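# Structure at a glance
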Amino acid sequence: GQNIDQPTEMTATEGAIVQINCTYQTSGFNGLFWYQQHAGEAPTFLSYNVLDGLEEKGRFSSFLSRSKGYSYLLLKELQMKDSASYLCAVRATDKLIFGTGTRLQVFP
Amino acid sequence: KAGVTQTPRYLIKTRGQQVTLSCSPISGHRSVSWYQQTPGQGLQFLFEYFSETQRNKGNFPGRFSGRQFSNSRSEMNVSTLELGDSALYLCASSRDYSKEETQYFGPGTRLLVL
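Below, the structure is looked at part by part. Just so it is clear, the model here is predicted, and its values are computed rather than measured.

### With respect to the sheet that holds strand β3 (residues 18-25) of chain A
Backbone-to-backbone hydrogen bonds join strands into a sheet, with any given pair of strands oriented parallel or antiparallel. Residues and elements named next belong to chain A. Strand order in the open sheet made by the five strands is β1-β3-β8-β7-β6, with antiparallel pairing throughout. Both edges of this open sheet fall to β1 (3-5) and β6 (53-57), since each of them pairs with a single strand only. Going across the sheet, the axis of each strand differs from the next one's by a mean of 15 degrees, ignoring polarity. Sheet analysis places strand β7 (residues 60-65) next to strand β8 (residues 70-75), joined by six bridges and oriented antiparallel.

In C-alpha cells form, the structure reads like this:
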C-alpha cells in the first residue's frame, strides 16, 4: 500500500528550531513536497525535493533520503506566524499523496 | 498573476441533493487536480485533469465526477450527497501534466451536508 507518516502535533517556542519528520512508502517516487496550511486557508507550497540532500530556502530547509523513504522540514528562528499545519506530499507514479499533516503550535 | 479561484466558497446542502463546484486555474496552467480534505483523513486525491481529459482518479465512488473545459477551468460534481461528503474541497493547478510540477491550491469550497 501507499503510506505517508508524520507526527500529528508538535509544539515549539518562538525563536527556536523545529524539525518535522515524514516517512513514506509509495509505488513510484517522483519527488516530495512540503506545504504549509494555516487554519481555514489553502495549502501553500514550501519546498520540493527529488534528489537526496538538503534544500535551503530562507528560514526553511527540507531534506530527503530516498533510500530511507524519509524527509524532514526544518524551521529555524520560529515566529508566531509559523503556527500552522505542515503537509508532506509524495508524487507517486500517478498522483500526489498527502500525509495527514503535522500541526505546529509556536508559543511565545 | 491571479491565483487559483474556487466558487462558491461555502455551501450548505441536504442529503440526496447534488452539488457542482468550480475551479479556475492560474493563467497558463493547464492541469487541475481536486482533493477532499477532512480532519481525520487529511487531503484525499479525487481526480486530475489535463487538456480536458481525466488523467488520474482517486478511490472515490462514482457519485464524484468532474470535467475540464477548453480554457482549463474545471468543475466537479457530487450527486446524491451523503453526510460524510461534508468537507473542504480543494482545487490545485499546475503548469503541465508532469510529475515534477508544483501544484498551487485555491482557497477551497467548504461543503456542509445536513
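### Some points on the interface of chain A and chain B
At the junction of the two partners, chain A supplies 16 residues and chain B supplies 23 residues. Interface area for chain A against chain B, summed over the two sides, is near 1600 Å², with a carbon-plus-sulfur share of 53%. Taken as a group, A:R91, A:K95 and A:F98 account for 29% of the area that chain A buries against chain B, more than any other trio of residues on that side. Seen at the junction of chain A and chain B, the total is one salt bridge. A:R91 serves as the salt-bridge partner of B:E48, at 3.6 Å between the closest nitrogen and oxygen. In this structure, the connection of chain A to chain B is made through two residue pairs in polar contact (both at pLDDT 80 or more). Residue assignment for the side of chain A that touches chain B shows that the elements contributing at least two residues are β4 (32-37), β5 (44-49), β9 (84-91) and β10 (96-98) of chain A. Split into classes, the residues belonging to the side of chain A that touches chain B amount to nine nonpolar, four polar and three charged.

### Considerations on the pairing of strand β6 (residues 53-57) of chain B
All names here are of chain B. Sheet analysis places strand β5 (residues 42-50) next to β6, joined by four bridges and oriented antiparallel. Looking at the pairing, F50 lines up with T53 of β6. In this structure, the hairpin formed by β5 and β6 is closed by a connection of two residues, where S51 is found at a positive phi of approximately 50 degrees.

### Regarding the packing of aromatic side chains
Summed over all chains, the structure comprises 17 aromatic pairs over all chains. Ring geometry for A:F63 versus A:Y72: centroids 5.0 Å apart, planes at 15 degrees, classification stacked. Residue A:F63 is classed as partly exposed on the basis of its relative accessible area of 23%. Take A:Y72: its relative accessible area is 17%, and that puts it in the buried class. Aromatic rings pair up to connect A:F33, A:Y35, A:F45, A:Y48, A:F98, B:Y35, B:F45, B:Y104 and B:F105 into one cluster.

### Concerning the pattern of salt bridges
Inspection of the entire model under this criterion finds eleven salt bridges over all chains. Close ionic contact of A:D82 with A:R59 constitutes a salt bridge, the shortest N to O distance being 2.8 Å. Taken together, the residues span a long stretch of sequence, with A:D82 in the loop between β8 and β9 and A:R59 in the loop between β6 and β7 at a distance of 23 residues. The partner of B:R63 in a salt bridge is B:E82, with the nearest N and O atoms 3.6 Å apart. Note that B:R63 is positioned in the loop between β6 and β7 (64-68) and B:E82 in the loop between β8 (74-78) and β9 (87-94), a separation of 19 residues in sequence.

Calculation rules
- Residues numbered from 1 in each chain as written.
- Chains lettered and ligands numbered in written order.
- Predicted model: local features only at pLDDT ≥ 70, side-chain atom pairs only at ≥ 80, totals over all residues.
- Heavy atoms only, no water.
- Pairing = 2+ DSSP bridges.
- Helix = DSSP H or I, 4+ residues; strand = E, 2+ residues; numbered from the N terminus.
- Axes fitted to C-alpha atoms, helices over the stretch in contact; angles between N-to-C directions.
- Contact = heavy atoms within 4.5 Å.
- Buried area = accessible area lost by both parts, 1.4 Å probe.
- Salt bridge = Lys/Arg side-chain N within 4 Å of Asp/Glu carboxyl O.
- Polar contact = N/O pair within 3.5 Å; in protein donor to acceptor, adjacent residues only side chain to side chain.
- Nonpolar A, V, L, I, M, F, W, Y, C, P; charged D, E, K, R; others polar.
- Phe/Tyr/Trp six-rings, centres within 6.5 Å; stacked < 30°, edge-to-face > 60°.
- Buried < 20%, exposed > 50% of the residue type's maximum accessible area, 1.4 Å probe, protein only.

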